[in-house]
Amino acid sequence: MTSIESSPVRVLIADDDPLVRAGLVMMLGGAPDIAVVGQAGDGAQVMPLVDRHAPAVVLMDIRMPVMDGLAATRALRARPMAPEVIVLTTFDADDHVLAALRAGAAGFLLKDTPPAEIVAAVRQVAQGRPVLSPGVTRRLIARVAESGHDRRRAQARERLTSLNDRERQVALGVGQGRSNAEIAAALYLGVPTVKTHVSGIFTKLGLNNRVQIALLVHDAGLLDEE
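Since the structure is predicted, the reported quantities are computational estimates derived from the model, not experimental observations. Numbers given to residues run from 1 along each chain, matching the order in which its sequence is written. In keeping with the model being predicted, local features are shown solely for residues with a pLDDT of at least 70 and side-chain atom pairs are shown and tallied solely at 80 or more, while totals for entire chains, interfaces and linings include all residues. Think of the side-chain values as coming from all heavy atoms in the structure, minus any hydrogens and water.

## Topic: the nonpolar core
Worth spelling out the cut-off: Note on terminology: a nonpolar core comprises buried Ala, Val, Leu, Ile, Met, Phe, Trp, Tyr and Cys residues joined through side-chain atoms within 4.5 Å. Throughout this description, buried means an accessible area under 20% of the type-specific maximum (1.4 Å probe, protein chains only), exposed means over 50%, and partly exposed covers the range between. Here, residues are in contact when the closest pair of their heavy atoms is within 4.5 Å.
Judged by nonpolar contacts, the single largest core of 24 residues is most densely connected at V46, V58, M60, L76, V85, V87 and L101. With residues up to four places along the chain from it excluded, the contact list for L76 reads V46, M47, V50, V58, M60, A82, P83 and V85. With 20 residues, the next largest nonpolar core counts L163, L172, I201 and L207 among its residues.

## Structural notes on the packing of helix 1 (residues 18–29) against helix 5 (residues 115–126)
Here is the rule: Convention adopted: a line fitted to C-alpha atoms gives each axis, helices being fitted over their contacting stretch, and angles between N-to-C directions are expressed from 0 to 180 degrees. Helix and strand assignments come from DSSP, with helices taken as H or I runs of at least 4 residues and strands as E runs of at least 2, each series counted from the N terminus. Any angle that is under 35 degrees is reported as roughly parallel, and any over 145 degrees as roughly antiparallel; angles of 65 to 115 degrees are reported as roughly perpendicular and all others as oblique.
Direction vectors running N to C along helix 1 and helix 5 enclose 75 degrees, while the axes themselves pass 9 Å from each other. Here helix 1 is positioned roughly perpendicular relative to helix 5, judged by the angle of their axes. Touching L24, M27 and L28 of helix 1 are P115, I118, V119 and V122, all from helix 5.

## Here's the deal with the side chain of D42
What counts, and what does not: Side-chain atoms alone can form a polar contact between residues adjacent in sequence; in general such a contact is a pair of N or O atoms within 3.5 Å, and within protein one must be able to donate a hydrogen while the other accepts it.
With respect to the secondary-structure elements, D42 resides in the loop between strand 2 (34–40) and helix 2 (46–53). Within the structure, the side chain of D42 is placed 2.8 Å from the backbone nitrogen of A44, a separation counted as a polar contact. Looking at D42, its side chain comes within polar contact range of the main-chain nitrogen of M67, at 3.4 Å. Leave out the neighbours within four places in its chain, and D42 touches M64, P65, V66 and M67.

## Some words on the layout of surface pockets
Empty space among the atoms becomes visible once a probe the size of a water molecule is rolled across them. Put simply, the test is: Cavity: a set of points on a 1 Å grid over the protein atoms alone where a 1.4 Å probe fits but cannot get out. Pocket: an open set with protein on both sides within 12 Å along at least five of seven lines, its lining residues, like those of a cavity, having an atom within 4 Å of a point. Grid points are joined across faces, edges and corners, and a volume is the space filled by probe spheres set on the points. Here the nonpolar group is Ala, Val, Leu, Ile, Met, Phe, Trp, Tyr, Cys and Pro; Asp, Glu, Lys and Arg are the charged ones; every other residue, Gly included, is treated as polar.
Empty space within the second largest pocket amounts to approximately 220 Å³. Lining the second largest pocket, in full, are R102, R152, Q155, A156, R159, L207, Q212, L215, L216 and D219. The set of elements that each furnish at least two residues to the lining of the second largest pocket consists of helix 7 (149–160) and helix 11 (210–219). Of the residues contributing to the lining of the second largest pocket, the split by class is four nonpolar, two polar and four charged.

## Examining the environment of L216
Residue position: L216 is located in helix 11. Judged by its relative accessible area of 7%, L216 falls in the buried class. For the pair L216 and L205, spaced 11 residues apart in sequence, the C-alpha to C-alpha distance is 9.7 Å. Leaving out residues up to four positions away in the same chain, L216 has contacts with A156, R159, L160, L205 and L207.

## Digging into the side chain of R77
Summarising the element assignment, R77 is placed in helix 3 (residues 69–77). At 3.4 Å, the side chain of R77 and the backbone oxygen of A82 are in polar contact. Of note is the side chain of R77, whose polar atom sits 3.1 Å from the side chain of N208. Not counting residues up to four positions away in its chain, the partners in contact with R77 are A82, P83, E84, V85, A103, G104 and N208.

And the structure:
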């Protein structure tokens, strides 16, 4: 029987700095299972390039002219069958990072992230696993002083009322940064059952990744009650 090798992960790079793009192309080009299929110098170029090249992952800078990465992420993730988005940023843009995560980005990378970690992050996101540790999530949330806290909490709690008790417990586990296996052990469930609940949460709340669940749980104040 002849084995069929899996196709490489197709990546689109969006950054207005040609040197950054060149560096990312060089980093990712050394990985045999990753292929850079296009480059955009502005967020407005992302949609046409996604249509043309069908990437699985987009590395998206936030600060770009014409259309910034935040607006491009919102527009991209609103489309069906959208590629995953990893935001490229510096740590002084925490509020933008959180906004991008709420828009559906699968995580973020600092621009000085070591090459091996960037390659690993692309692979991870392509497999549907966000690139954001619980510790980083908590630090981001703690550093961002956003207005409308009470209104946001009330809205988040209202959205969570659509979940049943078990889905709410699973959502809390996601918010705590637990894996499916850890949630399953804590709730005495099978891992496939937890996966089913997570899928149900996505559908009921109109979300598309675990980071969004974690942020909603935080906004609702459920982590404060633990």
